[in-house]
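Residue strings, one per chain:
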Amino acid sequence: MNGRAVAWFAYVPIPGLWLVPLWGARGDRFARFHAIQGGLLVASLYLLLLLCGFYSYARGPGAMDASILSALVFLSFLGYLVVGLVAAGRGRYLRLRPAWDAATRWL
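Worth saying up front: this structure is predicted, and the values here are computed from it rather than measured. (Residues numbered from 1 in each chain as written. Predicted model: local features only at pLDDT ≥ 70, side-chain atom pairs only at ≥ 80, totals over all residues. Heavy atoms only, no water.)

## Examining the overall build of the chain
- Helix and strand counts for the chain stand at five helices and zero strands.
- Ordered by position from the N terminus, the helices and strands of the chain form the series α-α-α-α-α.
- When each of the 107 residues of the chain is scored for burial, the buried share is 31%. (Helix = DSSP H or I, 4+ residues; strand = E, 2+ residues; numbered from the N terminus. Buried < 20%, exposed > 50% of the residue type's maximum accessible area, 1.4 Å probe, protein only.)

Written out as structure tokens, the structure reads:
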């Protein structure tokens, strides 16, 4: 299967969906690139939203700053996910800086 056809799945914020490009296009460097980058973005989105939830719980009911923080985290990561999804759909290697820097440390 073509890596370009399945690479965009990595940017859909459903846990585990980043594995579809790895399994669907085995050995394709393009699919592997986007699977790792999209998987890191989705995992860090969930982790940061979980931390925002803990912060909101610690602040107590009615903590407006925690809600604003959660919204800012979600909107910023949503922007990254949309840019990555469009790049994967167009067949481009686009390095999204925070995720790419984290990926190069582990690869």
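Continuing now.
## Observations regarding the environment of Leu 48
- Assignment of secondary structure puts Leu 48 in helix H3 (residues 29-59).
- Overall, Leu 48 belongs to the partly exposed group, its relative accessible area being 34%.
- Taking the C-alpha atoms as reference points, Leu 48 and Phe 74, separated by 26 residues in sequence, lie 8.8 Å from one another.
- Leave out the neighbours within four places in its chain, and Leu 48 touches Val 73 and Phe 77. (Contact = heavy atoms within 4.5 Å.)

## A word on the packing of aromatic side chains
- Taken as a whole and assessed by the stated rule, the structure comprises four aromatic pairs.
- On the basis of an interplanar angle of 25° and a centroid distance of 4.1 Å, the ring pair of Trp 8 and Phe 9 is categorised as stacked.
- Here Phe 9 falls in the partly exposed class, since its relative accessible area comes to 24%.
- One aromatic cluster in this structure is built from Phe 30, Phe 33 and Tyr 93. (Phe/Tyr/Trp six-rings, centres within 6.5 Å; stacked < 30°, edge-to-face > 60°.)

## Observations regarding the side chain of Gln 37
- By secondary structure assignment, the location of Gln 37 is in helix H3.
- According to the relative accessible area criterion, Gln 37 is buried, its value standing at 1%.
- Apart from residues lying up to four places away in sequence, Gln 37 is in contact with Tyr 11, Leu 94, Arg 95, Leu 96, Ala 99 and Trp 100.

## So, helix H4 (residues 64-90)
- For H4, with 27 residues, the first-to-last C-alpha span of 39 Å sits near the 39 Å given by 1.5 Å per residue.
- Here H4 has its buried residues at Ala 66, Val 73, Phe 77, Leu 81, Gly 84, Ala 87 and Ala 88.
- Those residues of H4 that are buried lie in contact with helix H1 (3-6) and H3.
- Gly 91 sits one or two residues past H4 and shows a positive phi near 80°. (Expected span 1.5 Å × (residues − 1).)

## So, the packing of H3 against H4
- Contact geometry for H3 and H4: axes closest at 9 Å, N-to-C directions at 175°. Accordingly, the angle class assigned to the pair H3 and H4 is roughly antiparallel. Where H3 abuts H4, its residues Phe 30, His 34, Leu 41, Val 42, Ser 44, Leu 45, Leu 48, Leu 49, Cys 52, Tyr 55, Ser 56 and Arg 59 lie against Asp 65, Ala 66, Leu 69, Ser 70, Val 73, Phe 74, Phe 77, Tyr 80, Leu 81, Gly 84, Ala 87 and Ala 88.
- The residue inventory of the contact of H3 with H4, partitioned by class, reads 17 nonpolar, five polar and two charged. (Axes fitted to C-alpha atoms, helices over the stretch in contact; angles between N-to-C directions. Parallel < 35°, antiparallel > 145°, perpendicular 65-115°, else oblique. Nonpolar A, V, L, I, M, F, W, Y, C, P; charged D, E, K, R; others polar.)

Any link to function would need more than the numbers given here.
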